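Listed below, chain by chain, are the residues.
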Amino acid sequence: MIVSWNTTNACNMYCDHCYRDAGCQATEELSTSEAKTLLEQISKAGFKIMIFSGGEPLLRPDIVELVAYASSLGLRPVFGTNGTLITLDMARRLKEAGAMGMGISLDSLDKEKHDTFRKYPNAWDEAVRGMRNCREVGLPFQIHTTVMDWNVHEVEGITDFAVAEGAVAHHFFFLVPTGRAVSIEDESLRAEAYEEVLTRIMKKQKEVNIELKPTCAPQFMRIAKQMGVDVRFGRGCLAGTSYCIISPKGRVQPCAYLSMYLGDVRETPFDEIWAKNEVLNDLRTLDYKGGCGVCAFKKLCGGCRARAAFYNDGDYMAEEPWCLYHGRKGV
């Protein structure tokens with residue numbers, strides 16, 4: 001099971017697609033002691049992979065201390081970061097504290113396009129420097145790419161770059177209109193384009209020895225099965241079933257892109273929210289509507305619950321809109 005904690009709302013970038021609308025540090029973010037209590041509750045709930053994200057998690061002064069504490073609890077600390085703050089010293093400290101992997105954003109091989117998307121000069125150069133610092137100290141890293149209409153032609157090229165730089169994986173994030181991303185919804189892919197690019201990614205998986213993983217495009221599980229591609233994942237959409245996210249202030253929601261308030265860890269222990277929340281238990285029924293409800297790949301895929309909610313007036317159990325396959329009962 002995987003949990004992501006937005007450690008802070010502070011960020012040195014102002015990306016067009018940010019679901020958290022990060023920039024300035026939020027008031028009343030969890031303190032160090034509150035964060036440690038949260039980590040204890042996450043461990044108690046049975047989670048194993050602990051994602052430290054943001055904002056930019058490396059802007060949090062106590063981040064190394066929290067990584068070490070998470071590791072002491074038996075959690076597997078990993079990061080989602082823009083990579084610009086991974087100095088050689090920081091990479092070494094994180095590894096010594098128990099960090100197991102760094103997910104570093106890179107959205108284009110064109111430096112100018114990446115920097116423009118991230119609203120940060122030299123973002124590309126600094127992210128790649130961060131990757132190389134991780135490699136220098138033996139801290140595994142992977143590349144994260146947000147797939148848009150303007151960079152979709154680059155996905156295989158970025159994978160080749162990831163291989164050349166020594167990344168252990170390349171993960172592709174497909175836009176869900178949440179936070180600032182609502183303003184660029186028209187740049188996101190639609191059903192035909194999703195099918196085409198996911199097929200390309202699965203074809204590429206046959207050619208490289210690093211892991212390729214689409215996120216917020218759970219149809220890739222169906223496509224992988226149809227193409228005979230072996231993947232280690234058990235399911236496409238994990239929202240509420242084996243994944244959730246916690247805000248800088250301790251508010252829990254089913255996933256980063258499904259903006260539903262489920263509880264506050266300052267008021268209710270996280271493990272109790274995870275076990276008893278009605279929305280989470282509803283998601284676990286897999287009792288979807290429309291094509292997703294009768295699809296032969298319902299258990300394997302699940303459709304993107306966040307995208308379903310956005311395009312169906314908040315109904316997170318509705319049919320995933322950007323799928324060519326939904327409604328079919330046979331393989």
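A brief look at the structure comes next.

With respect to the sheet that holds strand 7 (residues 211–215)
The mixed open sheet is built from 10 strands, whose spatial order is 7-6-5-4-3-2-1-8-9-10. Edge positions in the sheet fall to strand 7 and strand 10 (263–264), since each has one partner strand and no second.

Things to note about the packing of helix 2 (residues 63–72) against helix 3 (residues 88–97)
Look at helix 2 against helix 3: their axes get within 8 Å of each other, and the N-to-C directions meet at 25°. Comparing their axes, helix 3 and helix 2 come out roughly parallel. For the crossing formed where helix 2 meets helix 3, the hand is right-handed. Counting all contacts with helix 2, which are made through Val64, Val67, Ala68 and Ser71, the residues of helix 3 involved are Met90, Arg93, Leu94 and Ala97. Partitioned by chemical class, the residues of the contact of helix 2 with helix 3 number 6 nonpolar, 1 polar and 1 charged.

Overview of the pattern of salt bridges
Throughout the structure, instances matching the rule amount to 16 salt bridges. Across the pair Lys111 and Asp125 runs a salt bridge whose closest N-O atoms are separated by 2.9 Å. Of the two residues, Lys111 is situated in helix 4 (residues 111–118) and Asp125 in helix 5 (residues 123–137); the sequence distance between them amounts to 14 residues. Look at Lys111 and you get partly exposed, because its relative accessible area is 39%. For Asp125, a relative accessible area of 35% corresponds to the partly exposed category. Put simply, Lys289 and Asp315 hold a salt bridge, and the shortest N to O gap is 2.7 Å. Separated by 26 residues along the polypeptide, Lys289 in the loop between helix 10 (278–283) and helix 11 (290–294) and Asp315 in the segment after helix 12 (305–311) bring together distant segments of the chain. The exposure class of Lys289 is partly exposed, given its relative accessible area of 45%.

Thoughts on unusual backbone geometry
In terms of backbone geometry, most residues other than glycine have negative phi values and most peptide bonds are trans. In this chain, Gly54 is followed by Gly55 through a cis amide linkage whose omega measures 10°. Along the chain, the position of Gly55 falls in the loop between strand 2 (49–53) and helix 2. Its identity as a non-glycine residue notwithstanding, Cys216 has a phi of 60°, on the positive side. Summarising the element assignment, Cys216 is placed in the loop between strand 7 and helix 8 (220–227). Even without being a glycine, Asp313 presents a positive backbone phi close to 55°.

Definitions and limits used
Residues numbered from 1 in each chain as written. Predicted model: local features only at pLDDT ≥ 70, side-chain atom pairs only at ≥ 80, totals over all residues. Heavy atoms only, no water. Pairing = 2+ DSSP bridges. Helix = DSSP H or I, 4+ residues; strand = E, 2+ residues; numbered from the N terminus. Axes fitted to C-alpha atoms, helices over the stretch in contact; angles between N-to-C directions. Parallel < 35°, antiparallel > 145°, perpendicular 65-115°, else oblique. Left-handed = near helix turned anticlockwise from the far one by under 90°. Contact = heavy atoms within 4.5 Å. Nonpolar A, V, L, I, M, F, W, Y, C, P; charged D, E, K, R; others polar. Salt bridge = Lys/Arg side-chain N within 4 Å of Asp/Glu carboxyl O. Buried < 20%, exposed > 50% of the residue type's maximum accessible area, 1.4 Å probe, protein only.

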